[in-house]
Structure formats: structure tokens, C-alpha cells
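# Residue-level structural notes
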Amino acid sequence: MYNKYLTMKRSQLKEAIKAEIKSVLSEEEEKFQMTYKGDPVDLKISKFGGNAEGARDTVLFVNVGGIGKRRSKASKNALEKRKELLNQKVDKIMFTNKDNISKEIKDISPSDFKITSVLSEQSDNPAFDKKIANFAKKINNEMGYPGGVLEAMKQIKSRLERIISKVEGAKRGGAEEESLIKIAKISRNERTKAQQNLLDNMAKKTKELKKLKRVEI
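These lines cover the structure that appears in this document, whether it is placed above or below. (Residues numbered from 1 in each chain as written. Predicted model: local features only at pLDDT ≥ 70, side-chain atom pairs only at ≥ 80, totals over all residues. Heavy atoms only, no water.)

Across soluble globular proteins, nonpolar side chains have a tendency to be buried as a group. In terms of nonpolar packing, the biggest core is built from 17 residues, with Tyr36, Val41, Leu43, Val62, Phe95, Ile108 and Phe113 touching the most fellow members. Not counting the four nearest positions on each side in its chain, valine 62 is found in contact with Val41, Asp42, Leu43, Ile93, Met94, Phe95, Thr96, Ile108 and Phe113. Counting residues in hydrophobic clusters, the runner-up holds five residues, among them Phe135, Ile139, Met143 and Tyr145. (Core = buried A, V, L, I, M, F, W, Y, C linked by side-chain atoms within 4.5 Å. Buried < 20%, exposed > 50% of the residue type's maximum accessible area, 1.4 Å probe, protein only. Contact = heavy atoms within 4.5 Å.)

As C-alpha cells, then:
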């Protein structure tokens, strides 16, 4: 199998990985969840009951847990439309709790209902785990690792750790450089011994580097 990544430069590889991640994440519509006081919930309005004249009550069903949990996730637009049901005039409100016990209640506060992104959950997040697994599968298909998807995950982890290490190193180097600049602005007589030693060591390293470059030439 031809591996396009093998012929890429480091900068090109980084951009390719970024594009691959973006592609995987865009494959699946981001899901949101509606909750009532922190518990998954679903809302539904139906006509219920009736009398001899055929009149029927308009009932708002608030389901927490059970079917409510299964129907609590959808697109943000769909959940916002469901939440608007709380503003409609109804004859009754039937509330079903997590133990699947239903009872009629007089009113319910819309402020207790929240819509949040499922991907914002950083722990125990199957949707996010699925996206990571799909990305690893795509990388494995391109690279053809003998160990399969598991090896692809290990390779991704290894490279991410290297990138993180380089970024952190660059930040530390930038902080040291800023510190040296500040010290250099202090007159020699006012510098502490530690500050002067730091500048002397840097000057020594710079001279050694210049010598090595001349030898290479």
C-alpha cells in the first residue's frame, strides 16, 4: 500500500494530520443534550384523555431517565425547539422521574432545563472516544501498521507527546531568553553573582557554537 505520509516533510505531515482530524470531526454532527436539574430529559406535547363531547387535554410530558435519557440527545436546533414546548399553554403537565414513576404537577421552571454539548464532557465520553478511534483507523489505513489500529493509536500518542514536548521547550526557551535580555540591561556593577554567571555561561555556549559552525564549513 502506498503511504503518502512517508514522502512528506515534517511541516507537511503536521498539516496533513490537522486536516485528517478536522475531516473526522466533521463527519459526525455534534450532539447536544438537554437536562433537567442535571438529569437527561425529553419533552413532548400530546393530546390526552377526552370527554363525551370529544374535548381532549393538551398535556406536556416531561420524562427524566428511561425514554427521556434515550431521547435527550439531538442537534442543538432540535433540542431548542423541544425546549420551546415549555412556553406553550397546556392543560396538564405529567412528570416522569428516574424511577419511571409519573405524576401530575402544577408547573415547572424553564430555567431548570439546560442544553449542553456532549463533546464538552471530558470524561466518560463515548462520542469523543469514537471520533478518536475513527481517526486512528484512518491513519492505520494510510500507514498499514502491522499492529493495526492499536499500534496507530500508540504512534499518534508518541508523536503528540513529542510535539507537546517541543512546544513546552520553546516556551521555556522563550522565558529564558527574556530573562537574559532583562539581565543584560542591568549594569555590570548592579548584577548579582548568579545573574553574571548566567550571562557568562550563555556567552561561552555561543562561542562554542560558532566554533562548531566554522568546523562544519
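Having seen the structure, we can now continue with the description.
Tracing the backbone through its elements, the reader meets glutamate 151 in helix H5 (residues 148–184). By relative accessible area, glutamate 151 is classed as partly exposed at 24%. Through-space distance from the C-alpha of glutamate 151 to that of alanine 136 is 8.9 Å; in sequence the pair is 15 residues apart. (Helix = DSSP H or I, 4+ residues; strand = E, 2+ residues; numbered from the N terminus.)

Attention now moves to the pairing of strand E5 (residues 92–96). Pairing geometry for strand E3 (residues 57–64) and E5, over five bridges, is parallel. Within the sheet, the bridge partner assigned to asparagine 63 lies in E5 and is threonine 96. Bridge count for E5 against strand E6 (residues 102–105) is four bridges, and the pairing is antiparallel. Among the inter-strand pairings, threonine 96 is bridged to a residue of E6, identified as serine 102. Here E5 folds back onto E6 in antiparallel fashion, the turn holding five residues, of which asparagine 100 has a positive phi close to 65°. (Pairing = 2+ DSSP bridges.)

With that settled, consider the pairing of strand E1 (residues 32–36). Looking along a regular strand, one sees side chains alternate from face to face of the sheet. Burial analysis of E1 places five of its five residues in the buried class, the great majority of the element. A two-sided burial pattern is seen for E1, the buried positions comprising Phe32, Met34 and Tyr36 on one face and Gln33 and Thr35 on the other. Bridge count for E1 against strand E4 (residues 73–74) is two bridges, and the pairing is antiparallel. Looking across to E4, one finds that phenylalanine 32 is bridged to alanine 74. Two elements, E1 and strand E7 (residues 113–117), share five bridges in a ladder whose sense is antiparallel. Bridging across to E7, phenylalanine 32 finds its partner in serine 117. Pairing of E1 with strand E2 (residues 39–48), which is carried by two bridges, proceeds in the antiparallel orientation. Bridging across to E2, tyrosine 36 finds its partner in aspartate 39. In this antiparallel pair of consecutive strands, E1 and E2, the connection spans two residues, and lysine 37 shows a positive phi of 55°.

Turning our eyes to something else, we now look at the packing of aromatic side chains. If you walk through the whole model with that rule in mind, you get two aromatic pairs. Seen in terms of ring centroids, tyrosine 36 and phenylalanine 95 are 5.6 Å apart; in terms of plane orientation they differ by 65°. Their pairing is edge-to-face. Of the two residues, tyrosine 36 is situated in strand E1 and phenylalanine 95 in strand E5; the sequence distance between them amounts to 59 residues. Phenylalanine 95 matches tyrosine 36 in its accessibility class, with the two residues each being buried. Relative to phenylalanine 113, the ring of tyrosine 36 lies with its centre 4.9 Å away and its plane at 45°, an arrangement referred to as tilted. In this pair, tyrosine 36 sits in strand E1 while phenylalanine 113 sits in strand E7, placing the two residues 77 residues apart along the sequence. (Phe/Tyr/Trp six-rings, centres within 6.5 Å; stacked < 30°, edge-to-face > 60°.)

These results come straight from atomic positions and should not be treated as a statement about function.
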